[in-house]
Amino acid sequence: MKNLPIAAVVGLFFTSLYFLMAIFAPLIAPYGVAEIVGGVWEPSSKEHLLGTDNIGRDLLSRMIYGGRTTIWIATAATILSFTTGSILGFAAAVIGGWVDQVMSRFVDLIMSIPTLIFALVVLSVVPVTVPILIIVMGFLDSTRVYRLARAVAVDINVMDYVEAAKLRGEGRVWVIFREILPNALSPLVAEMGLRFIFAVLFVSTLSFLGLGVQPPEADWGGIVKENKDGIVYGIGAALYPAVAIATLAISVNLVADWVLNRTTSLKGGRG
Amino acid sequence: MSETLLKVRDLKIGATIYPPGEKPRDIEIVHGVSFDLEPGKVLGLIGESGAGKSTIGLASMAYGRGGVEITGGEVWVNGRDILKSGLNDVRKLRGGEVTYVSQSAAASFNPAKQIMDQVIEASVRHGKFSKKDAEARAVELFRKLGLPDPENIGNRYPHQVSGGQLQRCMTALALCPEPDLVVFDEPTTALDVTTQIDVLKAIKEAIRDTGVAALYITHDLAVVAQVSDDILVLKMGDMVEYGSVDQIINAPKEDYTRALVSVRSIDHEEKTATSEPVLKVEGVTARYRGTNFDVLKNINVELHPGQTLAVVGESGSGKSTLARVITGLLPPRAGNIHFAGRDLSAALGGRSREDLRELQMIYQMADTAMNPRQTVGTIIGRPLEFYFGLRGSEKRKRIVELLDEIEMGEAFMDRYPAELSGGQKQRVCIARSLAAKPKIIICDEVTSALDPLVADGILKLLLDLQKVEDVAYLFITHDLATVKAIADSIAVMYQGEVVRYGGKTDVLSPPFDDYTDLLLSSVPEMKLGWLEEVIANRKMESAGN
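Remember, it's a predicted structure, so these values are computed and weren't measured experimentally.

Engineer: What exactly am I supposed to notice about the overall build of chain B here?
Structural biologist: Within chain B, the regular secondary structure consists of 21 helices and 20 strands. For 545 residues, the compact-globule estimate of 2.2 N^0.38 gives 24 Å, and the C-alpha radius of gyration of chain B, at 25 Å, lies within 12% of that figure. A principal-axis box enclosing the C-alpha atoms of chain B has dimensions of 70 × 55 × 45 Å. Classification of the 545 residues of chain B by burial places 54% in the buried group. Across chain B, the fraction of contacts at a sequence separation of at least 24, relative to all contacts at a separation of at least 6, is 68%. Accessible surface computed for chain B: about 22600 Å², of which carbon and sulfur atoms make up 48%.

Structure (structure tokens):
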């Protein structure tokens, strides 16, 4: 860890800052999430560092709690999409034949429908709760991960060491998790950084449209929605979540790049 | 003709290496090499991989590959030091005065352009010939190099000619601008033996007829002995020995040169066949899915316990397909495989764990045969765990035993494949198959990717292990020297059929069928004048022609 590149330090710092804030939100936030503590759109002051929002809640507290919700949903959706997407993608590559055909064509079908429209349709017929949100997002994203994982695994599957494992009599589980997965990690990790940010944007978009996190719960997209009218009066409350999303996006990808550089070393990923 | 064309003095070449986890540092890879080359002469540069022979060859064009830098010394071409020349001067030199023939013609030709355009490009760009004259010269060279239909072959695309022909086209490309010096970088290494001989002959005659000087780079001393006047032996960037061909081959002074000359001289007594073969391939015919011709036609061979059956043939003869059929990766269309007294299921899925354990395989490319993310311990330990259920200290003890058997030792246990040399990688693969305590190991070209001395070590190890473990080898190779070294019986394959089969002595004694004769005579021998002798006595054209 000695020769940490500066980009990785910056990325790690902001990423951990956001995640720590998300985890310890109730301890850090000066006020409750739905607590009305002042007037409408008060400017920043000692009591309210970022001012107050459209109905007089402390904006800093809303941002911290909002980050908690946004990051939690995005993380869970990313984990869900990567576990299902990569395992199914690997399985399709290893098993091949009609199993591969059926799964791949199904994924094509899902991918042919614009993600946002698909999500809006689903969320308008089922009750919008956080678990439902995570499942819908995870499912939609897993199609992208499936494509990538399958493409990578098809290449690895023809390597001699995989053939050697098959000749040894290893089952598919060993081939997928011990032979293919370690060698497919690099592109998947790179993709993960990107997918996580797409998940943040996606949940923010849904909330902005009113189909994501429901008030009075806070999330970054929701805060933009609540405060967007303020922009006309020169009040920047809606811009804070935008800045938060941007910095999180950049820092997470700096970390992903760094991890990628480490794992692509020829030394089996120790370098 | 006494004026020196190429004069290299105390040439030093450095490179930057990037050890994982450490700061990049500069190392020297060629330590002060000096030699002279007169017009019309051929100097052979010989050494194992990493000896610096290609690097020196490229330095004679004032070029260093990515990350490589010429750090000291002088390279004089036609009376001027090209290392001190400006870029414009060097540009005139490359492709004009000095040209280059690389190892892989297939990778060097642009697949989207016709051969003729590429052959004459340098001559036209350098203004040496008009397009018309250059084309006429190219046709002349095609004829001289023995290419079929010299008038029209230039209109073909690179994929429309064979590997040996493409290599000769590249020689034409190099000779077209009437250079003073041609650098041949392993021009025949990637070819089959029977094709190699044609290319060698063509190159040798072209050099003689055009009076060009050449640097001939190769790792095969027997090849270089056929074409060179002088030989420079290199090892790890140092000059080992520099002398005439005659002296190097017949009276080498240094130990290292002696080792290179005497390589492939393993003695192995043929064992007599036992009554009960461990593997019996009966009437096997196979084809790949989606094709309409048989790659294997009615193959019948036997392998006896503790012995070695060598399957020899050129690329495309079906020898690797035979291995795929035996391992169950490609179920045959007809025929049976008996193994250790039982019938083997045709498909891999139908075989018992015991079948799989007793039939192991070693691959040509040890690099891709090992998972780069597993340590040596995991790689060797997995079969122990999988077949014998060994765990913990018991497993560790057995891994150490196996590492000792392949002459490597416990220290390698936690290394990753990328941290091993080529020979060590192949040894680990051998240990992995031995771990299963097999009855048969299929060795698919296991020494082809290795340097001669390293390959020798691997062959000796395999022979020693055969004595200790009593394992039988099905040894697939295109290299007859290897076959002579280790086989008890031999099957010669040609276009999917076994054309000659029997004990080693029988197969290698006359009278020969035409193909076996061609194959046997094509193996370069370590003596002067061998090439001319062989060409004069040939009965059959090689398939690559």
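Engineer: Help me out: how do you make sense of the confidence of the model for chain B in this one?
Structural biologist: Regions with low pLDDT should not have their predicted coordinates read in detail. All names here are of chain B. For chain B, per-residue confidence averages 86 on the pLDDT scale, and 97% of positions sit at 70 or higher. By mean pLDDT, helix 21 (residues 530-537) is the weakest element of chain B at 79, and helix 14 (residues 376-388) is the strongest at 94. As scored by the predictor, the complex reaches a pTM of 0.80 and an ipTM of 0.78.

Engineer: Would you mind going over the environment of B:Val428 with me for this structure?
Structural biologist: Residues and elements named next belong to chain B. Mapped onto the elements, Val428 comes out in helix 16 (residues 422-435). Put simply, Val428 and Arg208 are 220 residues apart on the chain and 46 Å apart in space, counted from C-alpha to C-alpha. Sequence-distant contacts of Val428, that is, excluding residues within four places in its chain, are made with Met370, Val376, Ile379, Ile380, Ile406, Met408 and Leu420.

Engineer: Looking at this model, I keep getting lost on unusual backbone geometry. Mind explaining?
Structural biologist: Excluding glycine, residues mostly have negative phi values, and the peptide bonds linking residues are mostly trans. Cis geometry is adopted by the peptide bond preceding A:Pro216, which originates at A:Pro215 and carries an omega value of 10 degrees. Secondary-structure assignment places A:Pro216 in the loop between helix 8 (172-208) and helix 9 (220-227). At the junction of B:Pro510 and B:Pro511, the peptide bond is cis and its omega measures out at 0 degrees in the coordinates. With respect to the helices, strands and loops of the structure, B:Pro511 is situated in the loop between helix 19 (504-507) and helix 20 (514-521).

Engineer: What should I look at first to understand the confidence of the model for chain A in this one?
Structural biologist: Residue and element names in this part refer to chain A. Per-chain confidence: chain A averages 88 in pLDDT, with 96% of residues scoring 70 or above. Predicted confidence in chain A is weakest over helix 10 (residues 239-263), with a mean pLDDT of 87, and strongest over helix 4 (residues 97-111), with 95. Below pLDDT 50 for its whole length, residues 266-271 participates in 17 contacts with residues either more than four positions away or in separate chains.

Engineer: For this particular structure, what's the right way to read the sheet that holds strand 1 (residues 6-17) of chain B?
Structural biologist: Strand pairing within a sheet occurs via backbone hydrogen bonds; the two strands may be parallel or antiparallel. The sheet built from 4 strands is open, its strands ordered 2-1-4-5 (chain B) with antiparallel pairing. Taken across any chain shown, the strands that pair with only one partner, and hence form the sheet edges, are strand 2 (25-37) and strand 5 (80-81) of chain B.

Engineer: Help me understand helix 17 (residues 452-469) of chain B in this model?
Structural biologist: In an α-helix, one turn spans 3.6 residues; hence positions three or four apart end up facing the same way. Residue and element names in this part refer to chain B. Between its first and last C-alpha atoms helix 17 spans 25 Å; for 18 residues at 1.5 Å apiece the expected length is 26 Å, and the two agree. Of the positions making up helix 17, those classed as buried are Pro452, Ala455, Asp456, Ile458, Leu459, Leu461, Leu462, Leu463, Leu465 and Gln466. Among the structural elements, strand 13 (308-312), helix 15 (392-405), helix 16, strand 18 (472-477) and helix 18 (480-486) are those in contact with the buried residues of helix 17. Just past helix 17, the residue Asp470 takes up positive phi, approximately 55 degrees.

Engineer: What is the right way to look at the side chain of B:Glu48 in this model?
Structural biologist: Residue and element names in this part refer to chain B. Within the secondary structure, Glu48 sits in the loop between strand 3 (42-46) and helix 1 (53-59). Here Glu48 is buried and forms no salt bridge, its nearest opposite-charge partner Lys235 lying at an N-O distance of 7.2 Å. Not counting residues up to four positions away in its chain, the partners in contact with Glu48 are Lys53, Leu234, Tyr256, Asp451, Leu453 and Val454.

Engineer: When you look at helix 20 of chain B in this model, what are you seeing that I'm missing?
Structural biologist: Residues and elements named next belong to chain B. In terms of burial, helix 20 is a largely internal element, 6 of the 8 residues being buried. Tyr515, Thr516, Asp517, Leu518, Leu519 and Leu520 are the residues of helix 20 that are buried. Among the structural elements, helix 7 (193-210), strand 13, helix 18, strand 19 (489-494), strand 20 (497-503) and helix 19 are those in contact with the buried residues of helix 20.

Engineer: Which parts of the structure should I look at to understand the packing of helix 16 of chain B against helix 17 of chain B?
Structural biologist: The packing of two helices is summarised by the inter-axis angle and the distance between the axes. All names here are of chain B. Axis separation between helix 16 and helix 17 bottoms out at 10 Å; the angle between their running directions is 20 degrees. In this view, helix 16 runs roughly parallel relative to helix 17, as classed from their interaxial angle. Remark: the crossing between helix 16 and helix 17 carries right-handed chirality. Residue-level contacts link Gly423, Gln426, Arg427, Ile430 and Leu434 of helix 16 to Val454, Gly457, Ile458, Leu461, Leu462, Leu465 and Glu469 of helix 17. Among the residues making up the contact of helix 16 with helix 17, the classes are represented as 7 nonpolar, 3 polar and 2 charged.

Engineer: I tried to follow the side chain of A:Thr15 on my own but got confused; where do I start?
Structural biologist: Residues and elements named next belong to chain A. Along the polypeptide, Thr15 turns up in helix 1 (residues 6-23). Looking at Thr15, its side chain comes within polar contact range of the main-chain oxygen of Gly11, at 2.6 Å. A polar contact is formed between the side chain of Thr15 and the backbone oxygen of Ser251, at a distance of 3.5 Å. Discounting residues that sit within four places of it in the chain, Thr15 has contacts with Ser251, Val252 and Val255.

Conventions used here
Residues numbered from 1 in each chain as written. Chains lettered and ligands numbered in written order. Predicted model: local features only at pLDDT ≥ 70, side-chain atom pairs only at ≥ 80, totals over all residues. Heavy atoms only, no water. Helix = DSSP H or I, 4+ residues; strand = E, 2+ residues; numbered from the N terminus. Rg over C-alpha atoms; globule rule 2.2 N^0.38 Å. Buried < 20%, exposed > 50% of the residue type's maximum accessible area, 1.4 Å probe, protein only. Contact = heavy atoms within 4.5 Å. Areas by Shrake-Rupley, 256 points an atom, 1.4 Å probe, with all protein chains shown as cover. pLDDT = per-residue confidence, 0-100. Pairing = 2+ DSSP bridges. Expected span 1.5 Å × (residues − 1). Lys, Arg positive; Asp, Glu negative; His and termini not counted. Salt bridge = Lys/Arg side-chain N within 4 Å of Asp/Glu carboxyl O. Axes fitted to C-alpha atoms, helices over the stretch in contact; angles between N-to-C directions. Parallel < 35°, antiparallel > 145°, perpendicular 65-115°, else oblique. Left-handed = near helix turned anticlockwise from the far one by under 90°. Nonpolar A, V, L, I, M, F, W, Y, C, P; charged D, E, K, R; others polar. Polar contact = N/O pair within 3.5 Å; in protein donor to acceptor, adjacent residues only side chain to side chain.

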